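Chains, contacts and geometry: an overview
If you want the building blocks of each chain, they are given just below.
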Amino acid sequence: MGKITCLEEGFAEVQTLVSCCPGLEHFALKKLEKVVKELELKAKICKEWEELKIKEHELKEMIELKKEILDLKLHKELEEIKCKREACEAHLHEELEEFKEKAEFIGHAINPIEKIKRGFQEFKIHFEEKKEYYEKLAECHKPKFLIFSDCDSRVDPCKILNLELGEAIVVRNVGCLVAAYGQEGTCPSAHAAIEYAVKELKVEHILVIRHTKCDAIQSLMKAHHGENEHFSNWLKIGEHTCKQVKEVHSSKSFEEQCTVCEKECLNLSMQNLLTYPFVKEAVAAKKISIHAGYYDMHSCAFDHWSLDFNYTEIRNYH
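Cut-offs used in this document
Residues numbered from 1 in each chain as written. Predicted model: local features only at pLDDT ≥ 70, side-chain atom pairs only at ≥ 80, totals over all residues. Heavy atoms only, no water. UniProt positions renumbered as here; feature names shortened; annotations may be inferred. Helix = DSSP H or I, 4+ residues; strand = E, 2+ residues; numbered from the N terminus. Buried < 20%, exposed > 50% of the residue type's maximum accessible area, 1.4 Å probe, protein only. Contact = heavy atoms within 4.5 Å. Areas by Shrake-Rupley, 256 points an atom, 1.4 Å probe, with all protein chains shown as cover. Axes fitted to C-alpha atoms, helices over the stretch in contact; angles between N-to-C directions. Parallel < 35°, antiparallel > 145°, perpendicular 65-115°, else oblique. Left-handed = near helix turned anticlockwise from the far one by under 90°. Nonpolar A, V, L, I, M, F, W, Y, C, P; charged D, E, K, R; others polar.

Going by what an unreviewed UniProt entry lists, the chain is known as Carbonic anhydrase and is assigned to Ceratopteris richardii. If you open the UniProt record of the chain and go to Function (unreviewed entry), you find "Reversible hydration of carbon dioxide."

Following this line, the structure appears as C-alpha cells:
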C-alpha cells in the first residue's frame, strides 16, 4: 500500500509539472525515473529486511536447539562422571576394608591377646543388645542339645549350627569319638558330661558332629600315631571300625576310605551312646533322640541322620 501511494504521488507531481509547463516533459520523465528507482530501492531494502528477520528467527531456533543438545550432552557427561566417581569410591572402600582386614590380621598375629580383647568387646555389645535374654540365662539354663564335636579349630558346632549361648552342652575331643560305657577308665570325662546332660539338664537331643579331612581319622587309617601315647590310646576306640572299613572298601582310594571311616565312626559313637543305661532308657522312652552330623568344610554341606531302634533316616542340608 505504501509503494502504490508513493508511485501515485510521483505521477501526480509529474502531471502537475507537465500541465504547468508543457515544455518540461523531459524533466518530468527524469523525475519519474528517479521516483521509480527510489521505489525499487525501497522495495529491495524491504525485501532484504524481511529476509534478515527470517534469518534471525532461524538463527535463534538453531541456537536454542544447539543449547538443548549441549545441555543433554553435559547432563550425560555429568551422569557418567557421577557413575565413575561412585565406582571409584566403591573400589576405594573395598581396598580400604581389605587393608583394614590385613592390618587387623597382622595386628592379631603380632598380638593375639588383642584379638581376645576385641572379641570380648564385640560380644559385650551383643550382650547389651540382648541383655534381658542373658540375664535370664545367668540364672539358669535349659539346653535342648548335647553335642559331641571334634576339637579341630575349623569346626565350631555352635557357629556351624548358629546356636546361641544356653542352647547346647558341647563336648569336644580328638576325633569326636564317644567311648562306650566304662571304656574311658577311671576318669570318664565324657561319661560325666552325658550323665549331667541327660539326668540333670534333661536334654532332648544328642548330636555327634564330624567333619571332612579329619586328622584323627586319617592318623587312625594310617595306623601311625607318632609318639603321642595318650593320642594313640584314645584313637583305639575307633580301631575296629577302621579295620572293617579297610577290609570292605579295599578297592577304594585312601581318601575315599577316610571319608567312609569318618561316617562309620559317627555311627560307632551313636551306638556307644546306647551302651549308657540311662541314655538307652531315655531313647526307648522317646525322651531323647540321637543324631549324627557330617560337615563338609569345602562345600559347606551338612548331612544329618538319626539313630532309632527301627530305622535310620538321612537328610542332606546344602
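Back to the write-up after that little detour.
**A short note on the overall build of the chain**
On a plain count of helices and strands, the chain comes out with 11 helices and 6 strands. Expressed as a percentage of its 318 residues, the buried residues of the chain come to 28%. Here the analysis covers contacts within the chain between residues at least 6 apart in sequence; of these, 63% occur between residues at least 24 apart. Accessible surface, the chain as shown: approximately 22,500 Å² in total, 58% of it carbon and sulfur.

**Remarks on the packing of helix 9 (residues 239-248) against helix 10 (residues 254-273)**
Interaxial distance between helix 9 and helix 10 falls to 9 Å at its minimum, and their mutual angle equals 140 degrees. In this view, helix 9 runs oblique relative to helix 10, as classed from their interaxial angle. Crossing hand, helix 9 versus helix 10: right-handed. Each of Thr241, Cys242, Val245 and Lys246 in helix 9 lies in contact with helix 10, whose residues at this interface are Gln257, Val260, Cys261, Glu264, Cys265 and Leu268. Residue classes in the contact of helix 9 with helix 10 are distributed as 6 nonpolar, 2 polar and 2 charged.

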